[in-house]
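Survey of secondary and tertiary structure
Residue-level listing of the chains:
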Amino acid sequence: MKSTKYLGIWMDHSIAYLIDLSNDPFSTAIIESKPEQKPDDQYVYKDESHLLNIEHGQLSTYYNNLGDVILGYESVILFGPTDAKSELLNLLNKNHLFNKIKIEICSTDKMSETERNSFVNNYFLSVKE
C-alpha cells in the first residue's frame, strides 16, 4: 500500500519552515527568501520601481523554490501570519502541475518549532480521520 506524502509549510515573506510528515520521524527544512545584494552607496536608484522589481523577482524565486518542493507531495497545508501563503496558493493554482495536489491554507500566528510541528501533525491527523 502506498503511503500519502504530507507536507506542512509555515511561511511568511522571508522564510518557510517545511515539515515533512511522510516518514517517521518527520523531517524539517528551511527555505529563505534571500535578499538581493544591497546596492553600492555610489549607485543611486532614480525611483522606487527598480527596488520593487528586485523585490518581486526575489519573491518569485522564493515561491518557485517552494513550488518545486510541493510537487513531490500529495497533501500540503500552508500556514502562517502573512498573506504569503495566499500569494503562493494563487501562483500554484495557475499551474496545472499542481492540480492533483491537495493544498489548503490556514492563518496562524508566529510559532515555535514545537508549535509548528504539533500544528502540522494535528492537522493531518484530523484530515486522515
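Residues numbered from 1 in each chain as written. Predicted model: local features only at pLDDT ≥ 70, side-chain atom pairs only at ≥ 80, totals over all residues. Heavy atoms only, no water.

1. A short note on the nonpolar core
Note that soluble globular proteins tend to have their nonpolar side chains buried in a common cluster. Counting 21 residues, the largest nonpolar core has I9, M11, L66, I70, V76, L78 and I103 as its most contacted members. Where this core is concerned, the elements lending two or more residues are strand 1 (6-11), strand 2 (15-20), helix 1 (48-70), strand 4 (75-80) and helix 2 (84-93). For this core, the leading source of residues is helix 1, giving five residues. L66 has contacts with I9, M11, A16, L18, I31 and L88, leaving out every residue within four places of it along the chain. (Core = buried A, V, L, I, M, F, W, Y, C linked by side-chain atoms within 4.5 Å. Buried < 20%, exposed > 50% of the residue type's maximum accessible area, 1.4 Å probe, protein only. Helix = DSSP H or I, 4+ residues; strand = E, 2+ residues; numbered from the N terminus. Contact = heavy atoms within 4.5 Å.)

2. Quick notes on the pairing of strand 2
Counting buried residues in strand 2 gives five out of six residues, a clear majority hidden from the surface. Relative to strand 2, strand 1 runs antiparallel, the two sharing five bridges. If you follow I9 over to strand 2, its bridge partner there is L18. The pairing of strand 2 with strand 3 (residues 27-32) spans six bridges and is antiparallel. From the neighbouring strand, Y17 faces strand 3, where its bridge partner is I30. Adjacent in sequence and paired antiparallel, strand 2 and strand 3 are bridged by six residues. (Pairing = 2+ DSSP bridges.)

None of this, on its own, says anything about what the molecule does.
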